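# Fold and geometry: a report
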Amino acid sequence: MKLIYDFHQTMVDNGFSLVYEGEITHQITKAFTAIAENNMITEAEDSRVKKRVFHVMVECLQNLTKHSEEIQSQEPIKNGTGVFIVGKKEDAYHIITGNPLSNDRIIPLRDLLDNINALDKDGQKKLFTKVLKEGALSDKGGAGLGLIDIARKTGERLDYHFEPVDEKNSFFLLKIKVTRDSDEY
Amino acid sequence: MDAIRIKGTDDTPAVTLDVQNGVFEFSGRSLPEDVTTFYAPILDWIDEYAKNPGNKTNVVFKLEYFNTESSKLLLDVLMKFEGISNTGHEVLISWCYMEDDANMLEAGEEYSEIVDIPFENVSY
């Protein structure tokens, strides 16, 4: 019981309004985005901030859904399927995702994230257009489109961390900030 | 040819492709569970239409929201219409965006840079 109370208190202290661990499906994505939209409407959140939070949630959940599908076809992983957290602080919303991944996927993913973070707005636009074109020309393309778009729509760097699990696997954490000022980026 | 009339839902757009009435329109929200399956019959329909297109085709996009997965398929749709335009038939894309939705306007501008068809931006 104490554990539950501590857990509750941790959520409150960090402003977490939604914490989920498990498989992410399309239905769950719809439910979570609907909850977040309703909360933001109740709190009279600025419409541009609402849109940005909605968009980041959709893209993050989509990445986790794809990941869920992938790991279902593999042997069960003891580190869970994925975690999804939405938190709100005074100045910003935070959307945090986590999922296990095999170590050989770290380098390309880190390269992509570093590349996105190093680019300015115009560079991100060019990269988005390039990946979009490649994606339209082949079924396999389009990897990372969601991440590029998140960076563009939030104007924030993509904060990430790879936590080693064992020799073969790590846990990938991604934290996205959506500021609550309503300026366009 | 038979028209396509798909009603919109909270995650799929309303789509009308109707040669008789000259209506070619995509509206609403696009974040389907399976984008490829959703857009496949639409792309097939445009392929069929491309065999004998009208002299003037005005395609209206009036989307409130689309995810990045849909953005690839929307580009596929636009590229099919670009093909029709390349065969000497007039095609005009009307890209509609809500007045305060800079992102939607920008998305249209980006598409217009990728595909070679006349675009007009329409705010509402």
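This text goes with the structure placed above it.
Heads up: these notes are all about the structure in this document. (Residues numbered from 1 in each chain as written. Chains lettered and ligands numbered in written order. Predicted model: local features only at pLDDT ≥ 70, side-chain atom pairs only at ≥ 80, totals over all residues. Heavy atoms only, no water.)

## Quick word on the overall build of chain A
Here is the rule we go by: Segments assigned H or I by DSSP are reported as helices when at least four residues long, segments assigned E as strands when at least two residues long, and all are numbered from the N terminus. In what follows, residue pairs with any heavy atoms lying within 4.5 Å of each other are defined as contacts. To measure how exposed things are, a 1.4 Å probe is used in the Shrake-Rupley method; for residues, cover is taken only from the protein chains shown.
Check the secondary structure of chain A and you find six helices and five strands. Starting at the N terminus, the α and β elements of chain A follow one another as α-β-α-α-β-β-α-α-α-β-β. Across chain A, the fraction of contacts at a sequence separation of at least 24, relative to all contacts at a separation of at least 6, is 68%. If you sum the accessible surface of chain A, you get close to 10000 Å²; carbon and sulfur atoms cover 54% of it.

## With respect to unusual backbone geometry
Glycine aside, a negative phi is what most residues show, and trans is what most peptide bonds show. Even without being glycine, A:Ala44 reaches a positive phi, approximately 55°. Looking at the element boundaries, A:Ala44 is found in the loop between α2 (26-42) and α3 (47-72).

## What to know about the packing of aromatic side chains
Using the following cut-off: Think of it this way: a Phe, Tyr or Trp ring, Trp meaning its six-membered ring, pairs with another when their centres are within 6.5 Å, and the plane angle makes it stacked under 30 degrees, edge-to-face over 60, tilted otherwise. Buried means the residue's accessible area, taken with a 1.4 Å probe over protein chains only, is under 20% of the maximum for its type, while exposed means over 50%, and partly exposed covers the values in between.
Taken as a whole and assessed by the stated rule, the structure comprises 15 aromatic pairs over all chains. Aromatic side chains A:Tyr160 and A:Phe162 sit 5.7 Å apart centroid to centroid with 65° between the ring planes, which places their arrangement in the edge-to-face category. We classify A:Tyr160 as partly exposed; its relative accessible area is 21%. What makes A:Phe162 buried here is its relative accessible area of 12%. Arranged with centres 5.6 Å apart and planes meeting at 55°, the rings of B:Trp95 and B:Tyr111 form a pair that is tilted. On the criterion of sequence distance, the pair formed by B:Trp95 in strand β5 (residues 90-97) and B:Tyr111 in helix α3 (residues 102-114) is long-range, its members being 16 residues apart. Among the residues examined, B:Trp95 registers a relative accessible area of 1% and is labelled buried. Three or more aromatic residues link up through ring pairs in this structure, and these residues are B:Phe26, B:Phe61, B:Phe66, B:Trp95, B:Tyr111 and B:Phe119.

## Things to note about the sheet that holds strand β2 (residues 83-88) of chain A
All names here are of chain A. Note the cut-off: One requirement defines pairing of two strands: DSSP has to find at least two bridges between them. Axis lines are fitted through C-alpha atoms, for helices just across the contact stretch, and the angle between N-to-C directions can take any value from 0 to 180 degrees.
The strand order across the open sheet formed by five strands is β1-β2-β3-β5-β4, and the pairing between neighbours is antiparallel. The two strands at the open ends of the sheet, each matched to only one other strand, are β1 (16-21) and β4 (159-164). Each neighbouring strand pair of the sheet contributes to a mean axis angle of 10°, computed without reference to strand direction. Inspection of the sheet shows strand β3 (residues 92-102) paired to strand β5 (residues 169-179) by eleven bridges, in the antiparallel sense. Residue pairing for β5: His94 is matched across the bridge by Lys177.

## A look at the packing of helix α6 (residues 145-154) of chain A against helix α2 (residues 68-86) of chain B
Heads up, the rule is: If an angle is under 35 degrees, it is roughly parallel; if it is over 145, roughly antiparallel; if it lies from 65 to 115, roughly perpendicular; otherwise it is oblique. Residues are grouped as follows: Ala, Val, Leu, Ile, Met, Phe, Trp, Tyr, Cys and Pro are nonpolar; Asp, Glu, Lys and Arg are charged; every other residue, Gly included, is polar.
It is at 9 Å that the axes of α6(A) and α2(B) come closest, and there the two elements cross at 110°. Judged by the angle between their axes, α6(A) and α2(B) are roughly perpendicular. On the side of α6(A), the interface is formed by A:Leu145, A:Gly146 and A:Asp149, while α2(B) contributes B:Thr68, B:Ser71 and B:Lys72. Here the contact of α6(A) with α2(B) is composed, by residue class, of one nonpolar, three polar and two charged.

## Thoughts on the nonpolar core
Put simply, the rule is: Grouping buried Ala, Val, Leu, Ile, Met, Phe, Trp, Tyr and Cys residues that are joined through side-chain atoms within 4.5 Å yields what is termed a nonpolar core.
Membership of the largest hydrophobic core comes to 71 residues, with the highest contact counts inside it found for A:Phe84 and B:Phe61. Residues contacting B:Phe61, with those up to four places away along its chain left out, are B:Phe26, B:Leu74, B:Val77, B:Leu78, B:Ile93, B:Ser94, B:Trp95 and B:Cys96.

## A few points about the pairing of strand β3 (residues 23-30) of chain B
All names here are of chain B. In this sheet, β3 lies alongside strand β2 (residues 14-18) in antiparallel orientation, the contact comprising five bridges. Bridging across to β3, Val15 finds its partner in Phe26. Linkage of β2 to β3, two consecutive antiparallel strands, is achieved through a turn of four residues, within which Gly22 is found at a positive phi near 60°.

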